[in-house]
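# Overview (structure and organization)
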Amino acid sequence: MHSNTFPSYDEPGFGRPPSLLFNVVYCSRAAAGVDATAVDQIIATSRRNNARLDITGMLVFGEGIFFQWLEGPRESIMDLMERLRSDSRHSQIVMLSAVEESNERLFPQWDMELVEAEEIRVVLIDALEDDHQPSSMDALRAMLAELDARLGTPSSLKA
Ligand code: FAD
């Protein structure tokens, strides 16, 4: 019996471009009293929700500042941004990047990974060393530059 693994022209979806991912990077200021326990709670909720919503990314917390990288379907990310804007555990959300053109996740295994402020440079440099789309590279550089400015660390990576 011959088995054909190639899509046939009349299959639904054949010839359509792969759906794009929406990628958002922002930073925000943690509310007074937000500590490691509160951040663990945020991570637990995020993992539960994000797996269901097909969202991946990472959350950085240090010196009272959050940075978050989110990637997933546009609708899911927009809904999450609405919830984030009304979450009293942080304020002063500043968007660093919002693009919809990538179909390649930078953090495909991470429903939402907590990255320590000291480790973030290694994670970002690792991601930058892989060959990603220019928009993703720009977003990574924007995050790194903002981290350097906010957390007061010398910028070792300007290129
Ligand atoms: P719920 O089941 O309603 O809440 C889960 C728990 O969180 C509750 O037990 C409650 O104690 C606590 N909680 C919820 N809201 C608040 C609040 N405003 N103040 C204090 N405690 C509260 N959610 C995601 O789904 N994905 C993410 O990637 C994500 N990232 C976040 C990043 C940051 C920096 C912050 C501050 C929040 C983030 N959240 C994220 C949480 C998000 O803002 C919503 O609270 C959450 O999505 C609501 O989901 P839920 O209804 O399932 O949670």
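About the cut-offs
- Numbering of residues starts from 1 in every chain and runs along the sequence as written.
- Under the rules for a predicted model, residues below a pLDDT of 70 receive no local features and side-chain atom pairs below 80 are neither given nor counted, while totals for whole chains, interfaces and linings still include all residues.
- Just so you know, side-chain values use all the structure's heavy atoms and leave hydrogens and water out.
- When DSSP locates at least two bridges between a pair of strands, those strands are taken to pair.
- Segments assigned H or I by DSSP are reported as helices when at least four residues long, segments assigned E as strands when at least two residues long, and all are numbered from the N terminus.
- Axes here refer to lines fitted to C-alpha atoms; in helices the fit is confined to the stretch in contact. Angles between the N-to-C directions go from 0 to 180 degrees.
- If a single non-hydrogen atom of a residue is within 4 Å of a molecule or strand, that residue counts as near it.
- We call two N or O atoms a polar contact when they sit within 3.5 Å, provided that within protein one can donate a hydrogen and the other can accept it, with sequence-adjacent residues counted only if both atoms are side-chain atoms.
- A 1.4 Å probe and the Shrake-Rupley method give the accessible areas. Residues count as covered only by the protein chains that appear here.
- Residue polarity is assigned by list, with Asp, Glu, Lys and Arg as charged and Ala, Val, Leu, Ile, Met, Phe, Trp, Tyr, Cys and Pro as nonpolar; anything else, Gly included, falls into the polar class.
- Any two rings among Phe, Tyr and Trp, with Trp reduced to its six-membered ring, count as a pair given centres within 6.5 Å; such a pair is stacked if its planes are under 30 degrees apart, edge-to-face if over 60, and tilted if neither.
- Only protein chains enter the accessibility calculation, which uses a 1.4 Å probe; a residue is then buried when its area is under 20% of its type maximum, exposed when over 50%, and partly exposed in between.
- A ring has a charge above it when a Lys NZ or an Arg CZ is no more than 6 Å from the ring centre and no more than 35 degrees off the ring normal.
- Note on definitions: the grid is 1 Å and covers protein atoms alone; a cavity is a set of points where a 1.4 Å probe fits but cannot get out; a pocket is an open set with protein on both sides within 12 Å along at least five of seven lines; lining residues have an atom within 4 Å of a point.
- Grid points are joined across faces, edges and corners, and a volume is the space filled by probe spheres set on the points.
- Think of a salt bridge as a Lys or Arg side-chain nitrogen and an Asp or Glu carboxyl oxygen that are within 4 Å of each other.
- To define a nonpolar core, start from buried Ala, Val, Leu, Ile, Met, Phe, Trp, Tyr and Cys residues and group those joined through side-chain atoms within 4.5 Å.
- The criterion used for residue contact is that any of the two residues' heavy atoms lie within 4.5 Å.

With that settled, consider the sheet that holds strand 3 (residues 65-72). Here we have five strands laid out as an open sheet, ordered 4-1-3-2-5, and mixed in their pairing. Single-partner strands in this sheet number two, and they are strand 4 (90-102) and strand 5 (113-116). Within the sheet, the average angular offset between the axes of one strand and its neighbour, ignoring direction, is 15 degrees. Both strand 1 (residues 21-30) and strand 3 contribute to a ladder of eight bridges, which runs antiparallel. Residue pairing for strand 3: Cys27 is matched across the bridge by Phe67.

Right, let's talk about the site of the ligand for a bit. Among the 20 residues in the neighbourhood of the ligand, the closest are listed as Arg48, Asn49, Asn50, Arg83 and Asp87. Note that an oxygen atom of the ligand is positioned 2.8 Å from one of the side-chain N or O atoms of Arg48. Take Arg89: an N or O atom from its side chain is 3.0 Å from an oxygen atom of the ligand. Burial of the ligand by the protein amounts to 68% of the accessible area it has alone, namely 930 Å². Listed by contribution, the elements that provide at least two residues to the shell around the ligand are helix 1 (36-53), strand 3 and helix 2 (74-85). When residues in the shell around the ligand are grouped by element, the largest group, seven residues, is from helix 1. Among the residues making up the shell around the ligand, the classes are represented as eight nonpolar, eight polar and four charged.

Let us look at the packing of aromatic side chains. Scanning all chains against the criterion turns up three aromatic pairs. With 5.7 Å between their ring centres and 85 degrees between their planes, Trp69 and Phe107 make a pair best called edge-to-face. Of this pair, Trp69 sits in strand 3 while Phe107 sits in the loop between strand 4 and strand 5, and the two are 38 residues apart along the sequence. For the ring pair Phe107 and Trp110, a centre distance of 5.3 Å and an interplane angle of 10 degrees mean the geometry is stacked. For Phe107, a relative accessible area of 6% corresponds to the buried category. One aromatic cluster is present, formed by Trp69, Phe107 and Trp110 through successive ring pairs. Looking at Arg74, its charged tip hangs above the ring of Phe22, at a distance of 4.6 Å from the centre.

So, on to empty space enclosed by the protein. Counting across every chain of the model gives one cavity of 30 Å³ or more. Of the voids in this model, the largest cavity is the one considered here, and its volume is about 40 Å³. Elements supplying a minimum of two residues to the lining of the largest cavity: strand 1 and strand 3. Counting residues per element, the lining of the largest cavity draws most heavily on strand 1, which supplies three residues.

Turning to the pattern of salt bridges, a few remarks are in order. Throughout the structure, instances matching the rule amount to five salt bridges. The shortest N-O distance in the salt bridge between Asp54 and Arg105 comes to 3.1 Å. Here Asp54 is found in the loop between helix 1 and strand 2 (56-62), whereas its partner Arg105 is found in the loop between strand 4 and strand 5, with 51 residues between them in sequence. Residue Glu100 pairs with Arg74 through a salt bridge whose shortest N-O separation is 3.0 Å. With Glu100 in strand 4 and Arg74 in helix 2, this pair connects stretches of sequence that are 26 residues apart.

Moving on, we come to the nonpolar core. Grouped together as the largest cluster of nonpolar side chains are 21 residues, with contacts concentrated most on Met58, Trp69, Ile120, Leu124 and Met143. Breaking this core down by element, the ones donating at least two residues are strand 1, strand 2, strand 3, helix 3 (120-129) and helix 4 (134-151). With six residues, the single largest contributor to this core is helix 4. Discounting residues that sit within four places of it in the chain, Leu124 has contacts with Met58, Leu140, Met143, Leu144 and Leu147. Counting residues in each nonpolar core, the second largest holds 20 residues, with Tyr26, Ile43, Leu53 and Leu84 among its members.

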